[in-house]
Amino acid sequence: GRAGWQSGAAATAAAAVRRVLHLELDVSALPAGCALEPGDALAVVPQNDPTDVKELLPQLGVRAKQADTPLQLPDGFDAPMHLGGELTPRTALLERVDIGSTSSWPSPALLRLLLKHGEPANAD
């Protein structure tokens with residue numbers, strides 16, 4: 001289920017190296033039987049602009065035909081949880097990572113994965 005955004009405010013100064021937010025979520029619309037307890041984790045999933053993602057893919061060396069091809073994870077690759085499951089470069093950038101945050105993006109794990117999957121933008 002999805003929780004609704006109720007309110008939010010910065011918990012750190014604008015000049016801070018790491019951005020911390022205080023969020024209040026309305027979880028009343030979650031399915032029956034879904035109980036949240038102190039210490040439970042919630043995922044905050046970004047929704048990036050498709051136009052931004054389309055422009056970014058070739059800059060990372062991912063060609064148009066590769067953008068929707070599932071990534072092949074190398075044996076032993078320990079992908080972070082948010083990059084797990086079937087994942088294409090486009091999906092990763094659209095809904096798995098915050099491409100607008102310079103404090104946490106690009107993650108080294110994502111860059112290694114995209115560089116392994118992609119080719120130089122000027123290659124045929």
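Look up a bit, the structure's there.
Keep in mind that what you see is a predicted model, and the values were worked out from it rather than measured.

Participant: Got a sec to walk through the overall build of the chain? Specific residues and values, please.
Facilitator: A count of helices and strands for the chain gives three helices and two strands. The N-to-C order of helical and strand elements in the chain reads β-β-α-α-α. A total of 124 residues make up the chain; the buried ones form 24% of that total. Relative to all contacts within the chain whose residues are 6 or more apart in sequence, the contacts with residues 24 or more apart total 52%. Accessible surface computed for the chain: about 8800 Å², of which carbon and sulfur atoms make up 54%.

Participant: I'd love a proper account of the nonpolar core, names of residues and values included.
Facilitator: If you look at the biggest cluster of nonpolar residues, it comprises 14 residues, and the most contacted ones within it are Val53, Leu56, Leu57, Leu87, Leu93, Val97 and Ile99. Broken down by secondary-structure element, the contributors of at least two residues to this core are α1 (50-59) and α2 (89-95). Sort the elements by how many residues they give to this core and α1 lands first, with three residues. Residues contacting Leu57, with those up to four places away along its chain left out, are Val62, Ala67, Pro89, Arg90 and Leu93.

Participant: Go over the environment of Gly100 with me, naming the residues and quoting the values.
Facilitator: Relative to the helices and strands, Gly100 resides in the loop between α2 and α3 (108-117). Classification of Gly100 as exposed rests on a relative accessible area of 63%. The spatial distance from the C-alpha of Gly100 to the C-alpha of Asn48 is 8.1 Å, given a sequence separation of 52 residues.

Participant: Which residues make up the pattern of salt bridges, and what values go with them?
Facilitator: Scanning all chains against the criterion turns up one salt bridge. Between Asp68 and Arg90 there is a salt bridge, with the nearest N and O atoms lying 2.8 Å from each other. Placement of the pair is Asp68 in the loop between α1 and α2 and Arg90 in helix α2, with a sequence separation of 22 residues.

Participant: So, a nonpolar patch on the surface: which residues are in play, and what are the values?
Facilitator: Nonpolar side chains collect at one region of the surface, where Val27, Leu36 and Leu42 lie side by side and expose about 230 Å² of accessible area between them. Considering the arrangement of structural elements, one finds Leu42 in the loop between β2 (21-26) and α1. Note on Leu42: relative accessible area 51%, which makes it exposed.

Participant: Which residues make up the side chain of Thr88, and what values go with them?
Facilitator: Looking at the secondary structure, you find Thr88 in the loop between α1 and α2. Within polar-contact distance, the side chain of Thr88 engages the side chain of Thr91 at 2.8 Å. Look past the residues within four positions of Thr88 in its chain and what remains in contact with it is Ala67, Asp68, Thr69, Pro70 and Leu71.

So, how was this worked out
- Residues numbered from 1 in each chain as written.
- Predicted model: local features only at pLDDT ≥ 70, side-chain atom pairs only at ≥ 80, totals over all residues.
- Heavy atoms only, no water.
- Helix = DSSP H or I, 4+ residues; strand = E, 2+ residues; numbered from the N terminus.
- Buried < 20%, exposed > 50% of the residue type's maximum accessible area, 1.4 Å probe, protein only.
- Contact = heavy atoms within 4.5 Å.
- Areas by Shrake-Rupley, 256 points an atom, 1.4 Å probe, with all protein chains shown as cover.
- Core = buried A, V, L, I, M, F, W, Y, C linked by side-chain atoms within 4.5 Å.
- Salt bridge = Lys/Arg side-chain N within 4 Å of Asp/Glu carboxyl O.
- Patch = residues over 30% accessible without salt bridge, like charges linked within 9 Å, V, L, I, M, F, W, Y side chains within 5 Å.
- Polar contact = N/O pair within 3.5 Å; in protein donor to acceptor, adjacent residues only side chain to side chain.

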